[in-house]
Amino acid sequence: MEAKVYSTAAKEVRTINLNDEVFAREVSDGAIYYAVNNELANRRVGTACTKTRAEVNYSNTKPYKQKGTGNARRGDKKSPIMVGGGTIFGPKPRDYSYTIPKKMKRLAYKSLLSLGVQENRLVIVEDFTSEEGKTKDLAQIMKAFETENQRTVIVMKDDDAMLRRAARNIPYLHVLSYDKLSAKELLYGRKILVLETAAENLGKFYGER
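None of these values were measured; they are calculated from a predicted model.

**Student:** Looking at this structure, how should I read the pairing of strand S4 (residues 152-156)?
**Tutor:** It is a general feature of regular strands that their side chains alternate between the two faces of the sheet. With five of five residues buried, S4 lies mostly within the body of the structure. Both faces of S4 are covered, namely the face carrying Thr152, Ile154 and Met156 and the face carrying Val153 and Val155. Across five bridges, the pairing between S4 and strand S5 (residues 173-177) is parallel. The residue of S5 that forms the bridge with methionine 156 is serine 177. In the classification by handedness, the crossover that spans S4, the intervening helix H5 (residues 161-167) and the parallel S5 is right-handed.

Right, dumping it as structure tokens:
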């Protein structure tokens, strides 16, 4: 498929051929669902912890004698039904991360890129970088594409440290490398700016495997 290439001033400069397998394929909603859920689960810290009756620091004595009071029998004050007692089936530290098949993840990325094209959210931009890593320079480019205060994703051709540095102080901007995409960011990004070389790399990286 053919796509327009825009300058950093948001002006059309030429066209480029993109891989149909990556940018013009049928969208798989199921693959997107599983990929996003997998990323969210892998980000969970899993440090929530509660104390059981065996761990809570409280008295071991019976609150009152076994017989004669008319109340139900009580073992000790650490019982879960007593105020200050332990917790029944409370959360413990655990690892929420898991893996999904590589083919499913790749299908999700291709579906998200194709979805971005279909919804006119994906824009091909000629290669640029931030020589000094200044946020001001990158903010001007974002302003040209009218992405201010809108969740925006930039897909780089490689891991550009200076570009990442420039984007660090823009809260709505997320920077990704073409070979390390994020299903969540591609799905929720209101605008996806793909550098021209990154678009070619995406076609090779995801289209030939």
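What follows picks up the thread again.
**Student:** Whenever I open this one, the environment of cysteine 49 confuses me. Can you help?
**Tutor:** Within the element layout of this structure, cysteine 49 appears in the loop between helix H2 (29-43) and helix H3 (102-118). Discounting chain neighbours no more than four positions away, the residues touching cysteine 49 are Pro91, Lys92 and Pro93.

**Student:** Could you clarify how one ought to interpret the nonpolar core in this entry?
**Tutor:** The nonpolar side chains of soluble globular proteins are, as a tendency, buried together. Counting residues in hydrophobic clusters, the biggest one holds 48 residues, and the most contacted among them are Ile124, Leu138, Ile154, Val155, Leu173, Val194 and Leu202. In contact with leucine 173, other than residues within four places in its own chain, are Leu138, Met142, Thr152, Ile154 and Ala167.

Cut-offs applied
- Residues numbered from 1 in each chain as written.
- Predicted model: local features only at pLDDT ≥ 70, side-chain atom pairs only at ≥ 80, totals over all residues.
- Heavy atoms only, no water.
- Buried < 20%, exposed > 50% of the residue type's maximum accessible area, 1.4 Å probe, protein only.
- Helix = DSSP H or I, 4+ residues; strand = E, 2+ residues; numbered from the N terminus.
- Pairing = 2+ DSSP bridges.
- Right-handed = clockwise from strand over helix to strand, strands pointing away.
- Contact = heavy atoms within 4.5 Å.
- Core = buried A, V, L, I, M, F, W, Y, C linked by side-chain atoms within 4.5 Å.

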